[in-house]
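Here is how the chains run, residue by residue.
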Amino acid sequence: MPSGNGLGPKVRDNADGTICVEYEPKKEGRHEVLMSYDGSGVDGSPFACVVDKIENSFITAFGAGLVGGLSGDSVGFTVVAKRGTAKDIEVKIDGPAKVDLQRKDNDDGSANFNYMPMTPGAYNINIKYHGKPIKGSPFVAKVSGEGRKRSTLSLANSAEYSLKIIEPDIVDLVGTVQTPGGQIEPIILKKMDNGELGIAYFTPRQKGEYVVCVLRSEKNINNSPFRIKVGDKEIGHAAGCTVKGDISEALANKSNEVIIDTTNGGYGGLTVSIEGPHRSEVEVYKVEDRVYTVHYSPHEPGIYILNIRFADEDVPGSPFLVNVGGNPSGRVRETITKDVEPAAAISAGSPSEFVLQIPGTNPFDMEASMTDPEGISELCEVMDQEDFHYLIKMTPKTNGLHTVSIKHKGMHVSGSPFQFSVGQLSHGGPHKVQVGGPGLEKGEVGLQNVFNIYTREAGPGTLSVAVEGTAKATIQLEQRPNGFLGAQYKTSKPGMYGVHVKYNDVHIPGSPFMVNVAPDSGVARQISIHALKDKGLLIDKPVTFSVAFNGAQGHLHATVRTPSGGHMDCLCQEMDTGVYAVRFIPKENGVHYVDVKLNDAHIPDSPIPIMVGSTASDPAMVTASGDGLEHGKCGAKNKFIVRTAGAGSGLLAVFIDGPSKSALSCKELDEGYEFSYTPFCPGNYLITVKYGNIPIAGSPYQAVVTGVGRKPSPVVEQSSMAVETVEKKAGAGGVRRKLTGDASKVIAKGPGLKKAFTNRVQTFNVEIKDAGNAVLSIGMISPSGFPEAELSLKKVSQTTYTVNYKVQEIGEHILHIKWGDDEIPGSPFVLTT
């Protein structure tokens, strides 16, 4: 309601698959109808209605057609007046092109209108009642081009709140906030750039005092609880934001700038999205004091709609209709599709093989290994074939999920490690398709740029590979055994190309991959690298190597991609004619990729992987398990464990993408780390686990979250947490041997099981002959509730144990005998004295 007071609508079931929502407005102004189904906001909710009062009767206008639409699609709106006066409603639409307006008058005073705009642009909808324009008329409907593509950017900096304390490690920290209304909600903690602890996404909805508790091992840390006073200025409101820059006219393939000032908007998240006939590049250029400079670059001219939302509301003027001019990019797209049959199941003991193509490798430096579900690894046979094809042979001994690692010079090749199901195949989906290879990292004109696609775990479906860029590409797919495909593309012009990989018409994680296809590297092939140490390097110790031009001419440029996803430039210094020294100082453990280019063309072997820190930090040794990887509940903690025992130390990062932010916390365990995430709305969430910037086998996982929660965000929200792990030894809580004992086959007999006597040693035997392998545990509790003082176990033969006990109290003594996790027949035994 305009006054802020709620108005109870009446909901009536029409018994035909539709419902009727009725409410009677009492005031003029903008009303919003919030509608949810099974706890999730209905598409389009909240629905806005404008109410006006003309000649003592209220008139209402609502519908998506008053706001905008898509050219070539029919959109509608409704005007409601006094019963029997629909004929007094007049509607006229002016815009870039004439539209055919269809109208239907109803007996109850409402009139339904539909129109189909064929030309993108702004349409003015004039609504009159008894000859007078109603409030809000003319309504401006912004129509974008057909085949809408949406590019989004989510910025949470404007919702950050520092708690003004230094906390070096956020592992084991859990945060909650109590709202002025008394509700307790989880919060997302983060380490701010200045080292202070802060709330990553603080979005207060009401005035008053918020109490923030930060706990470690269920105890408040120093200065906790923190009290935050929220007044009108702090509550997130889009009306306080201002936007300037290229919001009406823009140029294609050029950087267009928009400056968003959220200084007076309180705390809230900022999202920027642009939709139109083609994709756009959107990036935040700089952030200073809650003022954001955002650059966007549409690929082609046309009409685009720029949406800027703050604290879940449109900022004044949004959505903006942007007329994008300039020259077409000339980008062309070539697509190839293939129906993928379900992969054949492989049973334990059956030999299996893969074929991978990995250009730029040396067969003598290739190795492959397979790890079974019990954590036992064995090397696979690697056979060199023509044109950098490798045949990898293995024979799995057990059923279950295996991890396959393929390494070159001791480092995982792109796409490794990956999961391989033996026996029954797991439930698939597009997120289970994995790709890797040099053709997704760099390209060269006139050469076949190669990568591998692994679809075995994704199940049957339709795979499509498209390459879009400045020239038409020729694409080839090569069928290989056991769910692998080879892909290669060749193009005639240099430039930035997008490689789109879709499965069942859904982009796989990371797609589209942006690849810089360099001109024919020519002289860059002459360059050689010397004295580069790629292992045993340490944080904060300089890494240096030399580059010899060998007669080549041009500009040398070197950059490093760090495990956390950042980029840093290297210092290049000329030491002698045609000889340069390249130097950088690593700040993180994990695999770094060094790009060395001459005139923007990669030199041979670039990008070069180098390992900083222990080479034992192997992502193939890291596993994740737990219910939270498959399903979860809104507003509740959903847990999963990442085991790092035996995998050295490195940077462990968890990313959760979904329709809302998630409060992420982490707890250290003997064998690794337990992560808990609390999503705020239902939907599908993708959980990515990376170790040293390499996804672990099986990542990403898709968790289906159910329950009642907030309205989903219009853009994909990401929450993340990074932990610098400490080395954990496999053993206690590490990879455990699986024991398969049968408690029903254990036999206990002897006089000590019939009756107990005080202060007398009693005896009985336990026979485990046919019961398999498990842990035998025996415990006895006294009538007072304490364990018995004297109880001993002795092995008398290969399968027989003797148990002695002596009791002192009078009453019921309870004796438990377990084989593994199960009680044996007759247990617990009740012995009375």
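Rules of the game
- Residues numbered from 1 in each chain as written.
- Predicted model: local features only at pLDDT ≥ 70, side-chain atom pairs only at ≥ 80, totals over all residues.
- Heavy atoms only, no water.
- UniProt positions renumbered as here; feature names shortened; annotations may be inferred.
- Helix = DSSP H or I, 4+ residues; strand = E, 2+ residues; numbered from the N terminus.
- Buried < 20%, exposed > 50% of the residue type's maximum accessible area, 1.4 Å probe, protein only.
- Contact = heavy atoms within 4.5 Å.
- Areas by Shrake-Rupley, 256 points an atom, 1.4 Å probe, with all protein chains shown as cover.
- Pairing = 2+ DSSP bridges.
- Axes fitted to C-alpha atoms, helices over the stretch in contact; angles between N-to-C directions.
- Polar contact = N/O pair within 3.5 Å; in protein donor to acceptor, adjacent residues only side chain to side chain.
- Phe/Tyr/Trp six-rings, centres within 6.5 Å; stacked < 30°, edge-to-face > 60°.
- Lys NZ or Arg CZ within 6 Å of the ring centre and 35° of its normal.
- Core = buried A, V, L, I, M, F, W, Y, C linked by side-chain atoms within 4.5 Å.
- Salt bridge = Lys/Arg side-chain N within 4 Å of Asp/Glu carboxyl O.
- pLDDT = per-residue confidence, 0-100.

As annotated in an unreviewed UniProt entry, the protein carries the name Filamin-A-like isoform X5 and comes from Biomphalaria glabrata. The protein has a UniProt comment under Sequence similarities (unreviewed entry) that states "Belongs to the filamin family."

Novice: Which residues make up the overall build of the protein, and what values do they have?
Specialist: Check the secondary structure of the protein and you find 0 helices and 78 strands. Seen along its three principal axes, the alpha-carbon backbone of the protein occupies a region of about 105 × 85 × 55 Å. Across the 833 residues that make up the protein, the buried fraction comes to 46%. In the protein, 66% of the contacts between residues at least 6 apart in sequence involve partners at least 24 apart. When the accessible surface of the protein is summed, it comes to about 40300 Å², and 50% of that surface belongs to carbon and sulfur atoms.

Novice: Can you explain the sheet that holds strand β75 (residues 800-806)? Please cite residues and give values.
Specialist: Read from one edge of the open sheet, 4 strands run β71-β72-β75-β74, paired in antiparallel fashion. Since the sheet does not close on itself, it has two edges, and those belong to β71 (747-749) and β74 (790-795), each with one partner. Strand-to-strand twist in this sheet, taken as the mean axis angle between neighbours without regard to direction, amounts to 20 degrees. In this structure, β74 lies alongside β75, joined through 6 bridges in antiparallel fashion. Of the residues in β75, the one forming a bridge with Lys-795 is Tyr-801.

Novice: Quick one: what's the story with the environment of Val-272, residue by residue and with numbers?
Specialist: Along the chain, the position of Val-272 falls in strand β28 (residues 270-276). We classify Val-272 as buried; its relative accessible area is 4%. With 10 residues separating them in the primary sequence, Val-272 and Val-282 have C-alpha atoms 8.3 Å apart. If near-sequence neighbours (up to four positions away) are discounted, Val-272 is found in contact with Ser-151, Thr-152, Leu-153, Ile-260, Val-282, Val-294, Leu-306, Asn-307 and Ile-308.

Novice: Account for the side chain of Ser-110, naming residues and giving values.
Specialist: Here Ser-110 shows up in strand β12 (residues 110-115). Note on Ser-110: relative accessible area 8%, which makes it buried. Polar side-chain contacts of Ser-110 include one of 2.7 Å to the side chain of Asp-108. Aside from chain neighbours lying at most four places away, what touches Ser-110 is Thr-78, Val-79, Val-80, Ala-86, Lys-104 and Asp-105.

Novice: Help me get a handle on the sheet that holds strand β38 (residues 381-384), residues and values and all.
Specialist: An order of β35-β39-β38 is seen for the 3 strands of this open sheet, with the pairing classed as antiparallel. A single partner strand is all that each edge strand has here, and the edge strands are β35 (352-357) and β38. Each adjacent strand pair in this sheet contributes to an overall mean axis angle of 20 degrees, direction not counted. Examined bridge by bridge, β38 and strand β39 (residues 389-394) share 4 bridges and lie antiparallel to one another. Each residue of the ladder has a partner; that of Glu-381, found in β39, is Lys-393.

Novice: Describe in detail the packing of aromatic side chains, supporting the description with residues and values.
Specialist: For the coordinates displayed, the defined rule picks out 18 aromatic pairs. Between Tyr-161 and Tyr-267, the ring centres sit 5.7 Å apart and the planes meet at 70 degrees, which makes this aromatic pair edge-to-face. Here the residue Tyr-161 occupies a position in strand β17 (residues 161-166), and Tyr-267 occupies one in the loop between β27 (256-261) and β28, the gap between them amounting to 106 residues. Relative accessible area serves as the criterion here: at 21%, Tyr-161 is assigned to the partly exposed category. An aromatic cluster is defined as three or more aromatic residues linked by ring pairs; in this entry it consists of Phe-354, Phe-418, Phe-420, Tyr-454 and Phe-484. Over the aromatic face of Phe-757 sits the side chain of Lys-755, whose NZ or CZ is 5.9 Å from the ring centroid. Across the ring face of Phe-757, the terminal group of Arg-760 is positioned such that the distance to the ring centre comes to 4.2 Å.

Novice: Tell me about the nonpolar core, and name the residues and values.
Specialist: Counting residues in hydrophobic clusters, the biggest one holds 46 residues, and the most contacted among them are Val-214, Phe-675 and Ile-687. With 4 residues, strand β67 (residues 683-691) is the largest single contributor of residues to this core. Here Val-214 is in contact with Leu-163, Leu-173, Val-174, Gly-175, Leu-189, Leu-197, Lys-219, Asn-220, Ile-221, Ser-224 and Phe-226, once residues within four sequence places are set aside. With 26 residues, the next largest nonpolar core counts Ile-247, Tyr-292, Leu-306 and Phe-320 among its residues.

Novice: Any chance you could break down the pairing of strand β40 (residues 400-408) for me, citing the residues and the numbers?
Specialist: Among the 9 residues that make up β40, 7 are buried, leaving the element largely enclosed by the rest of the structure. Direction of pairing for strand β36 (residues 366-371) relative to β40: antiparallel, over a ladder of 6 bridges. Bridge assignment links Ala-368 to a residue of β40, and that residue is Ile-406. Note that β40 and strand β41 (residues 411-412) share 2 bridges and pair antiparallel. Bridging across to β41, His-408 finds its partner in Met-411. Turn length for the β40-β41 hairpin, with the two strands adjacent in sequence and antiparallel, is 2 residues, and the turn residue Lys-409 shows positive phi of about 55 degrees.

Novice: Can you explain unusual backbone geometry? Please cite residues and give values.
Specialist: Across the junction of Ser-416 and Pro-417, the peptide omega takes the value -5 degrees, indicating a cis bond. Following Ser-699, the chain continues to Pro-700 via a peptide bond in cis, the omega torsion being 5 degrees. Mapped onto the elements, Pro-700 comes out in the loop between β68 (694-695) and β69 (701-706). In this model, Lys-164 sits at a positive phi of 60 degrees, which is unusual for a non-glycine residue. With respect to the helices and strands, the residue Lys-164 is situated in strand β17.

Novice: Tell me about the pattern of salt bridges, and please be specific about residues and values.
Specialist: A side chain with one charge may pair with a side chain of the opposite charge, provided their charged atoms come close. Taken as a whole and judged by the stated rule, the model has 22 salt bridges. A salt bridge links Arg-331 to Glu-468; the shortest N-O distance between them is 3.3 Å. Taken as a pair, Arg-331 in the loop between β33 (320-325) and β34 (332-340) and Glu-468 in strand β46 (residues 461-469) lie far apart in primary sequence, 137 residues in all. Shared partners join several salt bridges into a network, and the residues in it are Glu-209, Arg-227 and Lys-229.

Novice: Could you give an account of the confidence of the model for the protein, with specific residues and numbers?
Specialist: Averaged over all residues, the pLDDT of the protein equals 85, while 95% of them reach at least 70. Segment residues 732-736 is flagged for pLDDT under 50; beyond a separation of four residues in sequence, or across chains, it makes 8 contacts in the model.

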